[in-house]
Amino acid sequence: MVKEMPVWNCTGKTVTKAQAEKSLATIKSACFKCDTHSSDCPIGKAAGAVAAMLDEKNASVKDLIHDQIAGALAGAKFPIKTPKALLEAFPNGADTTCCVGDLKMTAGEAGKLLKASDFPFKSAGAVADTIVDRAGL
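Residue numbering note: each chain is counted from 1, following its sequence as written. Side-chain atom pairs in this predicted model are given and counted only at pLDDT of 80 or more, local residue features only at pLDDT of at least 70, and totals for whole chains, interfaces and linings cover all residues. Note that the side-chain values use all heavy atoms of the structure and ignore hydrogens as well as water.

Visitor: Which parts of the structure should I look at to understand the packing of aromatic side chains?
Guide: Two measures describe an aromatic ring pair: the distance that separates the ring centres and the angle between the ring planes. Only Phe, Tyr and Trp rings take part, Trp by its six-membered ring, and two of them pair if their centres are within 6.5 Å. Stacked means planes under 30 degrees apart, edge-to-face means over 60, and tilted covers everything else. Tallying each qualifying case throughout the model produces one aromatic pair. The interplanar angle of 80 degrees and the centroid separation of 5.0 Å between the aromatic rings of Phe119 and Phe121 together place this pair among those described as edge-to-face. Neither residue differs from the other here; Phe119 and Phe121 are each classed as buried. Categorising residues by exposure relies on relative accessible area from a 1.4 Å probe, with only protein chains included: less than 20% of the type maximum marks a residue as buried, more than 50% marks it as exposed, and the intermediate range marks it as partly exposed.

Structure (structure tokens):
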């Protein structure tokens, strides 16, 4: 059985999975961790295109918002024990905004989806998982 290799849709070039994964890691390392995360960001678009090429994730709204939340908390110190500490961990506090298309969500709005029993959070991914699940994305 021949395993299909990823194809870069911009040029039609076939690459190895390892090359695509290396490119994706490099692109993600270039993220500026902005206060507002948007699907209009060229870095985000490039990362999404390479991720889609790998077919490791479907570039759904849920995935994009999840990645933006996790990215916004990339520099945060975990565990985060309280809702107040979580909001303070976002780059622009409660006003930090994630958006995909017409969907916009601030950290303050997302925080309303959390319960006291959710704390402490041990990672940015755990925060993002909880928020996107509760938001019904």
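From this point, the narrative continues.
Visitor: When you look at the nonpolar core in this model, what are you seeing that I'm missing?
Guide: Soluble globular proteins: nonpolar side chains tend toward being buried together. Buried residues of nine kinds, namely Ala, Val, Leu, Ile, Met, Phe, Trp, Tyr and Cys, make up a nonpolar core once their side-chain atoms join them within 4.5 Å. Judged by nonpolar contacts, the single largest core of 22 residues is most densely connected at Ile69, Leu73, Leu86, Phe90, Val127 and Ile131. Secondary structure elements are defined from DSSP: runs of H or I of at least 4 residues count as helices, runs of E of at least 2 residues count as strands, and each element is numbered from the N terminus. Elements with a minimum of two residues in this core: helix 3 (61–72), strand 4 (97–100), helix 5 (107–111) and helix 6 (124–135). With five residues, the top contributor of residues to this core is helix 6. Excluding residues that lie within four positions of it along the chain, Val127 makes contacts with Ile69, Leu73, Phe78, Leu86 and Phe121. Listed in part, the nine residues of the second largest apolar core include Ala20, Val50, Ala51 and Leu54. Note on contacts: a residue pair is in contact if any heavy atoms of the two residues lie within 4.5 Å.

Visitor: Teacher, can you tell me more about unusual backbone geometry here?
Guide: Trans peptide bonds make up most of the peptide bonds, and negative phi angles are found at most residues other than glycine. Backbone torsion omega between Phe78 and Pro79 reads 5 degrees, so that peptide bond is classified as cis. Along the chain, Pro79 turns up in the loop between helix 3 and helix 4 (83–89). The step from Phe119 to Pro120 runs through a cis peptide bond, and the omega angle for that step is 0 degrees. Tracing the chain through its elements places Pro120 in the loop between helix 5 and helix 6.

Visitor: Looking at this model, I keep getting lost on empty space enclosed by the protein. Mind explaining?
Guide: Within this scheme a cavity is a closed region of a 1 Å grid, computed over the protein atoms alone, that accommodates a 1.4 Å probe without allowing it to escape, whereas a pocket is open but has protein on both sides within 12 Å along at least five of seven lines; lining residues each have an atom within 4 Å of a point. Grid points are joined across faces, edges and corners, and a volume is the space filled by probe spheres set on the points. If you walk through the whole model with that rule in mind, you get one cavity of 30 Å³ or more. Within this model, the largest cavity holds a volume of roughly 50 Å³. Put simply, the parts of the chain that give the lining of the largest cavity at least two residues each are strand 5 (103–106) and helix 5.

Visitor: Which parts of the structure should I look at to understand the pairing of strand 4?
Guide: Within a regular beta strand, the side chains point alternately toward one face of the sheet and then the other, so they alternate between its two faces. Of the two faces of strand 4, the one carrying Thr97 and Cys99 and the one carrying Cys98 and Val100 are both buried. In this antiparallel pair of consecutive strands, strand 4 and strand 5, the connection spans two residues, and Gly101 shows a positive phi of 60 degrees. Pairing between two strands is assigned when DSSP locates at least 2 bridges connecting them.

Visitor: Honestly, helix 3 in this entry has me stumped. Any pointers?
Guide: Given 3.6 residues per turn, any residue in an α-helix points the same way as the ones three and four places further on. Helix span, expected: 1.5 Å multiplied by one less than the number of residues in the helix. Its 12 residues give helix 3 an end-to-end C-alpha distance of 16 Å, which sits within 8% of 16 Å, the value for a rise of 1.5 Å per residue. The complete set of buried residues in helix 3 reads Ile65, His66, Gln68, Ile69, Ala70, Gly71 and Ala72.

Visitor: For this particular structure, what's the right way to read the side chain of Asp118?
Guide: Inspection of the secondary structure puts Asp118 in the loop between helix 5 and helix 6. Under the relative-accessibility criterion, Asp118 is labelled buried at 15%. A polar side-chain atom of Asp118 sits 2.7 Å from the main-chain amide nitrogen of Lys115. In this structure Asp118 touches Thr130 and Arg134, once residues within four positions along its chain are discounted. What qualifies as a polar contact is a pair of N or O atoms within 3.5 Å, subject to a donor-acceptor requirement within protein and to the restriction that residues adjacent in sequence count only when both atoms come from side chains.

Visitor: Before we go on, may I ask you to explain the pattern of salt bridges in this structure?
Guide: Two side chains that carry opposite charge are able to pair once their charged atoms sit near each other. The salt bridge criterion pairs a side-chain nitrogen of Lys or Arg with a carboxyl oxygen of Asp or Glu, the two atoms within 4 Å. Tallying each qualifying case throughout the model produces three salt bridges. Two residues, Lys84 and Glu88, come together in a salt bridge whose shortest N-O distance is 3.9 Å. Taken as a pair, Lys84 and Glu88 lie in helix 4 at a separation of four residues, close to a single helical turn. For Glu88, a relative accessible area of 55% puts it in the exposed group. Across the pair Asp118 and Arg134 runs a salt bridge, and its minimum N-O distance is 2.6 Å. Of this pair, Asp118 sits in the loop between helix 5 and helix 6 while Arg134 sits in helix 6, and the two are 16 residues apart along the sequence.

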